[in-house]
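Per-entry structural report
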Amino acid sequence: MNKPIPVSDFHAYPDVHGRFADYGGIYMPETLMPPLEELTAAYLALRDDPEFIAEFERDLKHYVGRPSPIYHAERLSKKIGGAQILLKREDLNHTGAHKINNTIGQALVARRMGKRRIIAETGAGQHGVATATVCARFGLDCIVYMGAVDIERQKINVFRMKLLGAEVVPVVSGSKTLKDALNEAMRDWVTNVADTFYIIGTVAGPHPYPMMVRDFNAVVGREARAQMLEQYGRLPDVLTACVGGGSNAIGLFHAFLNDREVAMVGAEAAGEGIETGRHAASLAAGRRGVLHGNRTYVICDDQGQITETHSISAGLDYPGVGPEHAFLKDSGRASYVGITDDEAMAAFHELARTEGILAALESSHAIAQAIKLARSMPKDQLILCNLSGRGDKDVQTIAAHEGITL
Amino acid sequence: MTERIEQRFAELRKHGRKGLIPFVTAGDPIPDATVAIMHALVAAGADLIELGVPYSDPVADGPTIQHSSERAIARGVGIERILAWVAEFRATDATTPIVLMGYLNPIEIYGYARFAEQARAAGVDGVLIVDVPVEESGSVERLRDAGIRQIFLVAPTTTELRLAAIRKQAQGFVYYVSFAGITGATQLDPVEVRRRVDHIKQGGDIPVAVGFGVRDAATAVTVSASADAVVIGSALVARLAEAEDAESAVSVARDFLAPIREALDLAAAA
Ligand SMILES: Cc1ncc(COP(=O)(O)O)c(C=O)c1O
């Protein structure tokens with residue numbers, strides 16, 4: 001492991017080149033560099049524009065339903081017998097996950113930039129649905145790229161996107177999953193740069209996306225920090241969140257980064273077990289590389305070819321991870337662990353039975369990690385876990401996994 | 001021989017000829033045919049060869065090159081084998097420049113120092129790493145230090161400010177991407193290409209090669225009016241994909257390139 005880098009202000013990242021120390025940057029073909037520069041300039045201006053901020057906050061409140069509550073999972077905590085588990089309820093947002101925070105923000109940026117054609121990639125379909133939703137809301141054209149394999153796995157979300165007026169384009173190249181959908185969206189963007197805005201669904205991609213997507217999701221941590229002080233008179237001892245590309249995790253973590261007494265643990269998908277090679281734990285088991293425009297931790301073979309990942313939750317099934325998480329890992333500020341499919345499934349059932357909440361399979365990884373941590377922590381300590389989405393979308397997957405025909 | 005690229009463009013200029021640069025994916029369609037294909041391309045009039053290093057996630061490439069990369073990867077083609085092929089080619093061709101074209105991650109994982117030293121020793125003259133713009137060229141400093149030329153892309157979207165930065169760092173030649181799009185697409189606008197290439201050339205005397213959308217003798221001749229060289233990739237890769245054995249791949253390469261060479265020379269003489 002690398003030696004931790006001393007950092008005085010975690011909120012000072014990224015720098016103007018989009019770098020989080022050694023990670024991030026803009027590794028993109030020349031054709032897309034000018035549009036990325038244009039986007040960065042437009043976004044940096046809007047970020048400080050009171051009118052834009054008010055517009056964003058208005059939609060978060062009236063359309064998304066923010067603030068989302070912090071809920072004390074009391075029966076679950078009691079059953080485990082350790083630290084108290086608190087849930088940040090992003091599952092209660094419109095469309096059922098944190099993804100909408102980002103898509104509203106980016107759609108507003110697109111509108112300000114005068115771009116009326118929106119493209120997006122999606123894996124599980126959650127980001128696709130969140131993008132289709134805001135495009136309907138703002139009257140923008142929406143094209144969603146989705147791997148042919150994922151289209152087969154996530155039929156309901158494909159239909160939801162179509163109901164919302166989006167065009168879903170199957171991607172048949174490579175492994176026909178999320179990473180290939182991202183590649184295809186990039187190819188569309190390169191071809192249609194003049195009128196098209198690309199809404200990336202997580203804190204990956206080239207600068208300014210990791211920064212911009214983080215900023216839009218950072219509302220989660222800002223709210224949570226204030227709610228903790230108000231409801232509990234103190235900050236939590238530990239934060240947990242699942243990490244696919246890392247947008248819900250950085251969304252929760254960001255406001256707390258300079259509160260050194262708050263520990264942070266990201267839960268990656270260990271799939272069938274890291275030792276089997278069938279996982280998607282880029283930080284816990286990958287290596288430093290470059291993927292989709294940024295330097296980060298990636299899952300690839302000795303030839304540098306990006307390899308197929310595995311997770312029961314399509315939303316975590318990604319061979320890279322946002323560069324800010326790579327930086328937080330190396331700096332020692334956050335740690336990242338793998339949670340297997342089976343552990344996530346067990347946590348899903350535990351939460352359903354003790355609290356009456358069906359968590360998304362992605363979020364169930366964070367719940368599993370919270371349960372693990374709680375066991376070894378005293379009862380008066382607080383774990384704040386990001387319940388990033390609701391599990392309605394996953395009931396078919398869960399049934400299939402358990403051999404049940406609906 | 002450290003100046004093969006510069007020498008080649010100087011010769012072209014001296015003789016009033018236009019450069020012809022075929023692109024082939026290393027190891028496709030048949031790994032063992034790559035060296036023979038390279039020699040055949042030179043025999044048919046190639047001035048420089050772009051050898052594609054296959055990558056799993058080629059965001060700037062259309063279906064033809066994506067699929068050729070997938071085939072090569074499936075056959076286990078990686079940097080080590082590609083460098084061995086370059087060395088084998090060099091054993092009997094000491095003058096034709098070779099540029100490796102690809103994406104950063106395979107080189108990053110191979111190791112910059114190791115790549116720089118071995119590529120140099122094998123006889124690689126330059127690299128064109130599609131996802132390394134000028135801003136990130138620090139990543140491949142080791143390669144530059146070893147004498148491997150950094151070829152940069154210029155696109156229709158490139159601003160004046162960026163063009164100035166690219167000119168400062170460019171080595172060998174610059175590769176002008178004829179339209180905003182992916183390889184294998186066909187929306188070439190000859191008037192616009194000419195205007196842009198003339199503009200790039202006004203700012204200095206680095207040669208300009210034009211690629212993307214060049215697919216046959218006619219498009220090559222059109223583009224060569226302003227450019228110093230033309231690059232032909234997808235059209236050749238698509239033909240090669242149909243070859244059933246090494247022998248037919250070699251004749252496909254030769255038969256495809258020779259008429260384009262002839263047309264370019266005719267147009268230059270006219
Ligand atoms: C509910 C939920 N949580 C988490 C994720 C993973 O993404 P990220 O790591 O960017 O939060 C997804 C992605 O689809 C999701 O739907």
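Details of the structure are given in the entry above.
Below is a short write-up of the structure. Quick caveat: nothing in here was measured; it's all calculated off a predicted structure.

1. Digging into the sheet that holds strand β14 (residues 382-387) of chain A
Residues and elements named next belong to chain A. Overall, mixed pairing links the six strands, which are arranged β3-β4-β14-β9-β10-β13 in an open sheet. Looking at strand neighbours, the two that pair on one side only are β3 (70-72) and β13 (335-340), the edges of this open sheet. Adjacent strand axes in the sheet meet at a mean angle of 30°, parallel and antiparallel pairs treated alike. Relative to β14, strand β9 (residues 238-242) runs parallel, the two being bridged by three bridges. Of the residues in β14, the one forming a bridge with T240 is C385.

2. A closer look at the site of the ligand
Residues and elements named next belong to chain A. In the vicinity of the ligand lie 17 residues, with T202, G244, G246, S247 and S388 positioned nearest. Interatomic distance of 2.8 Å between a side-chain N/O atom of N248 and an oxygen atom of the ligand. Contact distances for the ligand include 2.7 Å between a nitrogen atom and a side-chain N or O atom of S388. Placement of the ligand is best described as lying within the largest cavity. Here the residues of the shell around the ligand are counted per class, giving four nonpolar, eleven polar and two charged.

3. Some details on helix α12 (residues 246-269) of chain B
When the terminal C-alpha atoms of α12(B) are compared, their 35 Å separation across 24 residues agrees well with the 34 Å that a helix rising 1.5 Å per residue should span. The secondary structure elements touched by the buried residues of α12(B) are β1 (19-25), α2 (34-43), α10 (217-224), β9 (229-232) and α11 (234-241) of chain B.

4. A closer look at the packing of helix α9 (residues 209-217) of chain A against helix α10 (residues 219-232) of chain A
Residue and element names in this part refer to chain A. For the pair α9 and α10, the least separation of the axes is 5 Å and the interaxial angle reads 35°. For the pair α9 and α10, the contacting residues are D215, F216 and N217 in the first and V219, V220 and G221 in the second. A per-class count over the contact of α9 with α10 returns three nonpolar, two polar and one charged.

5. A closer look at the nonpolar core
By size, the foremost hydrophobic cluster in this structure holds 122 residues, and its most contacted members are A:F253, B:F173 and B:Y175. Leaving out residues up to four positions away in the same chain, B:F173 has contacts with B:I5, B:F9, B:I21, B:L48, B:E50, B:V99, B:I151, B:F152, B:I206, B:P207 and B:A209. Counting 73 residues, the second largest nonpolar core, distinct from the first, contains B:V53, B:I82, B:L188 and B:I232.

Thresholds, definitions, all that
- Residues numbered from 1 in each chain as written.
- Chains lettered and ligands numbered in written order.
- Predicted model: local features only at pLDDT ≥ 70, side-chain atom pairs only at ≥ 80, totals over all residues.
- Heavy atoms only, no water.
- Pairing = 2+ DSSP bridges.
- Helix = DSSP H or I, 4+ residues; strand = E, 2+ residues; numbered from the N terminus.
- Axes fitted to C-alpha atoms, helices over the stretch in contact; angles between N-to-C directions.
- Near = heavy atom within 4 Å.
- Polar contact = N/O pair within 3.5 Å; in protein donor to acceptor, adjacent residues only side chain to side chain.
- 1 Å grid on protein atoms, 1.4 Å probe; cavity = no way out; pocket = protein on both sides within 12 Å on 5 of 7 lines; lining within 4 Å.
- Sits in = over half its atoms within 2 Å of the grid points.
- Nonpolar A, V, L, I, M, F, W, Y, C, P; charged D, E, K, R; others polar.
- Expected span 1.5 Å × (residues − 1).
- Contact = heavy atoms within 4.5 Å.
- Core = buried A, V, L, I, M, F, W, Y, C linked by side-chain atoms within 4.5 Å.
- Buried < 20%, exposed > 50% of the residue type's maximum accessible area, 1.4 Å probe, protein only.

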